[in-house]
Amino acid sequence: MRIGTLKESYIADAALFDSRTQKVWLAVAAALLVLFPFIASDYWLYLACLVCINVASATGLNILTGYTGLVSLGQAAFMGLGAYTVAIMQLRLGTPFLLNILAGGFVAMLGGLIVGIPSLRVKGLYLAIATIAASFITHFIFANTSFTGGTGGLTVPPASVFGVLLDTSFRLYWVIVPVTVLMLLGAANLFRTRVGRAFIAIRDRDISAEVLGIPLLRYKLLSFGLSSFYAGVAGGLWAYFFRVVTPESFPLLMSIFFLAAIIVGGMGTILGGILGAVFMTMVPELLKLVFDLLPNSTELTVFLSPVRTIIFGLLIIGFLVFEPHGLAEMWRRIRRFFHLWPFRN
Amino acid sequence: MQNSRISQNRRSLLLAAGASLAAPLAAHAQAGGEDIVLGGSIPMTGVFAFAGVGINAGISDYVKILNDGGGIKGRKVRYVPEDTGYKVDVSVAAYKKITSQNKVSLYYGDSTAFSKTINPELDRNGNILMAGASFATELNDPKKYPNQFLVGPDYTEMFGILLRHIAKEKPGAKVAFVYSDSEFGRDPIESSEALAKKLGLNVVIKIMTPPGGVDVSTEVIKLRRAAPDYTIFHGYILAPIPEFITQGKQQGMTSKWMGTFWTMDSSTVMKMGEAGDGFMGVMPYRYYYDTSAKAPMLDKIRQMRPEYQSTAYIQGFLAAMLFTEAAKRTLDAKKELNGKNLKAALNSIKDFDTGGLIGVPITIKGNSIPVGRVYKADMKAQKMVPASDWIAL
């Protein structure tokens, strides 16, 4: 039990940020996010943008898998739908950035609603297998229609926002980070609403949820729709970020990456999606930087690279074995430690 | 006791994190010299590691030879590779990391997807000349890819070399194209069909297989019915080529079997076993063990590395040679080392002797080097032997 956080109403109890300390830390984090582009090199800015895109998509998958209990391996396919929508609109219609991103989200949402239909009948691994179909179908469509540029894909011209061309990581940072933050706030708020609670009820016991009056089909499809909307927006940002979209840009492995991210991060928590995506994106890079410190690292790259990959794999296994609730749980434990620190640890 | 161990662990974790954050700064401090930096997104792990390891060794060896000989006009070449795992986002991260920490003039990329993705950044940056592992036809367009080049013929040109060889060996022959359903596989098919017609060859069947598919029995039946004189595989490394050949031969097919660059490494072809005897394909470079003509650079490689080196090694070695030749010519002309000047210098290469890596002097007019030779597998000798003269398009 934390001290100094007495709540006298349900609204206060459901508040996203409930203590002054939390608000101060959030303000510090916001200030750091604003300062970051001015102190970081292009490499770190690139990674920051990539992490944000992955966080957005992982959060989407967390809504579906972590909160609603529906396992999906179609997240990359939905990202592809969003990315292609953005690419086509930017290339052929020249429509504004925000409209393209939203359209990407809605097209992916539509895809998600279709792919989600079997979720009423099948669950768990069976549903995961059913969602794999999304990857193959979208790959086929992307590769075999001239509209999507065939196997060669599409090259996306940079977007322009208020006359500023978004052609560098620095400039893209200012749209990718705010969009991701908005999506995170949206997801966090979702679980304070009736809809979010319904998702959790379905995850915990879908039959009981139905008995309680939650229409399963509607809410399961809604969860699929919201999740793929997130993936679509993330895919749209991906298209603007990498500027080339091909059928091979969104392989099945990418869906597994996001599933791994939310498992490692902690399913069913917003923080879990964030930490998982950060972990999966950043740890291989950080390991590279650590290995770079070794003498003759350039000459030894060929030997060190597989070792690095093995260490990354071991880290994932280690987290799963020693903290099955994910990084979010570790973070919670650290926070708990500091709640009464230095009086008790 | 336990507490002290925990705090020690925490301290080492903090040290590692601090060190990793400081690493770019330290590397940046070293980058102030006059070295010419050759960066590389190299796939040393992942599905393309079989080639990446060779490419890395090839580039390293050429850079060593060059630096031991005094570098370029007294300036050393510094090779800075990063492993990419053959993932585009990691390749771009490697590019950003290397270019953030060094003043990069030359860069080796690991895939078609990377070459396409990084192209706008290369154009924006303007200081880098890039080549890579890709032979995609799309990249052979100096207008669209002004700061890039291919270290050999593009895939369409590889098909062109094979088709010319076929047209010469058996005019009017029936040809089959078997390719994977991927960007890599589909790349040369449409344009090569047109070329085959022009050469008087008859493309009797085109078979597209799913990527990674190994059960090809129905496709083999279709292929047998078409009864081609030559079957060209493209878009694969090895599988399902041996399955096609074995089943085709069992069903009485008399076709000659052919492949393109990434299938043609000696170690890959030899893995086909008995089925691969007589397997032919296009190779832009001499094999490590090819002693059919004078090749001083190959002799040097054999001296440095007595064991067999793959064709990916030769590709990396030649890429480094051409990169540094472009840099040398740019500096000779007292021009700044930037993408435009380096590319112009590269395009000034005319009748250039590669030390025997390629059997004829090369000229680089656009983005590719449209030269190659047909080699044939001799399973008894466990070697690829020349089956044609060098063919320049």
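Everything in this summary refers to the structure shown in the same document. Here the structure is a predicted model, which means the values were calculated and not measured.

1. Quick word on the overall build of chain B
Part 1 of the reasoning: A count of helical and extended segments in chain B gives 13 helices and 12 strands.
Part 2 of the reasoning: Taking 2.2 N^0.38 as the reference for a compact globule, 393 residues should give roughly 21 Å; the C-alpha atoms of chain B span a radius of gyration of 23 Å, in line with that estimate.
Part 3 of the reasoning: Overall size of chain B, expressed as C-alpha extent along the three principal axes, is 70 × 65 × 40 Å.
Part 4 of the reasoning: Expressed as a percentage of its 393 residues, the buried residues of chain B come to 59%.
Part 5 of the reasoning: Of the contacts formed within chain B by residues at least 6 apart in sequence, a portion of 67% connects residues at least 24 apart.
Part 6 of the reasoning: A total accessible area of about 15,800 Å² is found for chain B, and carbon and sulfur atoms account for 53% of it.
Part 7 of the reasoning: Chain B carries 47 positive and 37 negative side-chain charges, and their two centres are separated by 2 Å.

2. Considering the environment of E157(B)
All names here are of chain B.
Part 1 of the reasoning: Within the fold, E157 resides in helix α5 (residues 155–169).
Part 2 of the reasoning: Here E157 falls in the buried class, since its relative accessible area comes to 16%.
Part 3 of the reasoning: E157 sits 86 residues away from G71 along the chain, and the two C-alpha atoms are 33 Å apart.
Part 4 of the reasoning: If we ignore the near neighbours within four places in the chain, the residues touching E157 are N140, S368, P370 and L393.

3. Things to note about the nonpolar core
Part 1 of the reasoning: The biggest cluster of nonpolar side chains holds 111 residues, and the ones touching the most others in it are W262(B), F279(B) and L322(B).
Part 2 of the reasoning: Ranked by residue count, the leading element in this core is helix α12 (residues 311–332) of chain B, at 13 residues.
Part 3 of the reasoning: Counting 100 residues, the second largest nonpolar core, distinct from the first, contains V55(A), L70(A), A76(A) and F191(A).

4. Observations concerning the interface of chain B and chain A
Part 1 of the reasoning: Across the contact, 29 residues belong to chain B and 33 residues belong to chain A.
Part 2 of the reasoning: Here chain B packs against chain A, burying approximately 2,800 Å² in sum over the two surfaces, 62% of which is carbon and sulfur.
Part 3 of the reasoning: At the boundary of chain B and chain A, one finds 4 salt bridges.
Part 4 of the reasoning: The shortest N-O distance in the salt bridge between D42(A) and K96(B) comes to 3.2 Å.
Part 5 of the reasoning: Applying the counting rule to chain B against chain A returns 11 residue pairs in polar contact (both at pLDDT 80 or more).
Part 6 of the reasoning: Contributions of two or more residues to the side of chain B that touches chain A are made by α1 (2–30), α2 (49–68), β2 (77–83), α3 (88–101), α4 (112–125) and α6 (183–186) of chain B.

5. Considering the pairing of strand β4 (residues 129–132) of chain B
All names here are of chain B.
Part 1 of the reasoning: Residues L129 and A131 line one face of β4 and the alternating positions M130 and G132 line the opposite face, and both faces are buried.
Part 2 of the reasoning: Here strand β3 (residues 104–109) pairs with β4 via 4 bridges, running parallel. Bridge pairing links L106 to L129 in β4.
Part 3 of the reasoning: Handedness of the β-α-β unit built from β3, α4 and β4 comes out right-handed.

6. Regarding the packing of helix α12 (residues 270–292) of chain A against α3(B)
The axes of two packed helices give the description: the angle between them and the distance between them.
Part 1 of the reasoning: Their axes nearest at 12 Å, the elements α12(A) and α3(B) cross at an angle of 40 degrees. In terms of axis orientation, α12(A) runs oblique to α3(B). Pair α12(A) / α3(B) crosses with right-handed handedness. Residues E285(A), K288(A), L289(A) and D292(A) of α12(A) form the contact with α3(B), whose own contacting residues are V90(B), A93(B) and K97(B).
Part 2 of the reasoning: Its residues placed into classes, the contact of α12(A) with α3(B) shows 3 nonpolar, no polar and 4 charged.

7. Some details on the packing of helix α3 (residues 42–67) of chain A against helix α8 (residues 194–204) of chain A
Residue and element names in this part refer to chain A.
Part 1 of the reasoning: Between α3 and α8, whose axes approach to 8 Å, the crossing angle comes to 45 degrees. Taken together, the axis directions place α3 and α8 in an arrangement best described as oblique. The residues of α8 that touch α3, namely those facing I63, G66 and Y67, are F199, I200 and R203.
Part 2 of the reasoning: When grouped by side-chain class, the residues that make up the contact of α3 with α8 number 4 nonpolar, 1 polar and 1 charged.

8. Thoughts on the sheet that holds strand β1 (residues 36–42) of chain B
Strand pairing in a sheet relies on backbone hydrogen bonds, with the paired strands running either antiparallel or parallel.
Residue and element names in this part refer to chain B.
Part 1 of the reasoning: Overall, parallel pairing links the 4 strands, which are arranged β2-β1-β3-β4 in an open sheet. Whereas interior strands pair on both sides, the edge strands pair on one side only; in this sheet they are β2 and β4. For this sheet the average axis-to-axis angle between neighbouring strands, irrespective of direction, equals 20 degrees.

9. Considerations on the side chain of T269(A)
Residues and elements named next belong to chain A.
Part 1 of the reasoning: Along the chain, T269 turns up in the loop between α11 (252–265) and α12.
Part 2 of the reasoning: Of the residues examined, T269 reaches a relative accessible area of 15% and is grouped as buried.
Part 3 of the reasoning: Residues within four places of T269 in sequence aside, it is in contact with N62, Y67, A328 and R332.

10. A closer look at a nonpolar patch on the surface
Part 1 of the reasoning: On the surface, a nonpolar cluster with roughly 360 Å² of combined accessible area is contributed by F17(A), L26(A), L33(A), V181(A) and L185(A).
Part 2 of the reasoning: Breaking the nonpolar patch down by element, the ones donating at least two residues are α2 (20–39) and α7 (169–190) of chain A.

11. Details of α2(B)
Residues and elements named next belong to chain B.
Part 1 of the reasoning: With 20 residues, α2 extends 28 Å between its outermost C-alpha atoms, agreeing within 8% with the 28 Å of an ideal straight helix rising 1.5 Å per residue.
Part 2 of the reasoning: Extensive coverage of α2 is indicated by the burial of 15 of its 20 residues.
Part 3 of the reasoning: Just past α2, the residue G70 takes up positive phi, approximately 105 degrees.

12. Some thoughts on the packing of aromatic side chains
Residues and elements named next belong to chain B.
Part 1 of the reasoning: This model, assessed by the stated rule, comprises 44 aromatic pairs over all chains.
Part 2 of the reasoning: Both rings, one in Y287 and one in Y375, keep their centres 4.7 Å apart while their planes meet at 75 degrees; by these two values the pair is edge-to-face. Of this pair, Y287 sits in the loop between β9 (280–283) and α11 (296–304) while Y375 sits in strand β10 (residues 371–378), and the two are 88 residues apart along the sequence.
Part 3 of the reasoning: Among the residues examined, Y375 registers a relative accessible area of 0% and is labelled buried.
Part 4 of the reasoning: Put simply, the rings of F48, F50, Y86, F135, Y155, F184, F261, W262 and Y285 touch in pairs and so form one group of aromatic residues.

13. Points about unusual backbone geometry
Part 1 of the reasoning: The peptide bond linking A239(B) to P240(B) adopts the cis configuration, its omega dihedral lying at 5 degrees.
Part 2 of the reasoning: Its location among the elements puts P240(B) in the loop between β7 (230–234) and α9 (241–250).
Part 3 of the reasoning: For R243(A), which is not glycine, the phi torsion reads 65 degrees and is therefore positive.
Part 4 of the reasoning: Residue placement: R243(A) occurs in the loop between α10 (216–242) and β4 (244–245).
Part 5 of the reasoning: The class of R243(A) is buried, set by a relative accessible area of 14%.
Part 6 of the reasoning: Phi at Y86(B) takes a positive value of approximately 60 degrees, unusual for a residue other than glycine.
Part 7 of the reasoning: Structurally, Y86(B) is set in the loop between β2 and α3.
Part 8 of the reasoning: Y86(B) gets classed as partly exposed once you look at its relative accessible area, which sits at 35%.

The rules behind the values
Residues numbered from 1 in each chain as written. Chains lettered and ligands numbered in written order. Predicted model: local features only at pLDDT ≥ 70, side-chain atom pairs only at ≥ 80, totals over all residues. Heavy atoms only, no water. Helix = DSSP H or I, 4+ residues; strand = E, 2+ residues; numbered from the N terminus. Rg over C-alpha atoms; globule rule 2.2 N^0.38 Å. Buried < 20%, exposed > 50% of the residue type's maximum accessible area, 1.4 Å probe, protein only. Contact = heavy atoms within 4.5 Å. Areas by Shrake-Rupley, 256 points an atom, 1.4 Å probe, with all protein chains shown as cover. Lys, Arg positive; Asp, Glu negative; His and termini not counted. Charge placed at Lys NZ, Arg CZ, Asp CG, Glu CD. Core = buried A, V, L, I, M, F, W, Y, C linked by side-chain atoms within 4.5 Å. Buried area = accessible area lost by both parts, 1.4 Å probe. Salt bridge = Lys/Arg side-chain N within 4 Å of Asp/Glu carboxyl O. Polar contact = N/O pair within 3.5 Å; in protein donor to acceptor, adjacent residues only side chain to side chain. Pairing = 2+ DSSP bridges. Right-handed = clockwise from strand over helix to strand, strands pointing away. Axes fitted to C-alpha atoms, helices over the stretch in contact; angles between N-to-C directions. Parallel < 35°, antiparallel > 145°, perpendicular 65-115°, else oblique. Left-handed = near helix turned anticlockwise from the far one by under 90°. Nonpolar A, V, L, I, M, F, W, Y, C, P; charged D, E, K, R; others polar. Patch = residues over 30% accessible without salt bridge, like charges linked within 9 Å, V, L, I, M, F, W, Y side chains within 5 Å. Expected span 1.5 Å × (residues − 1). Phe/Tyr/Trp six-rings, centres within 6.5 Å; stacked < 30°, edge-to-face > 60°.

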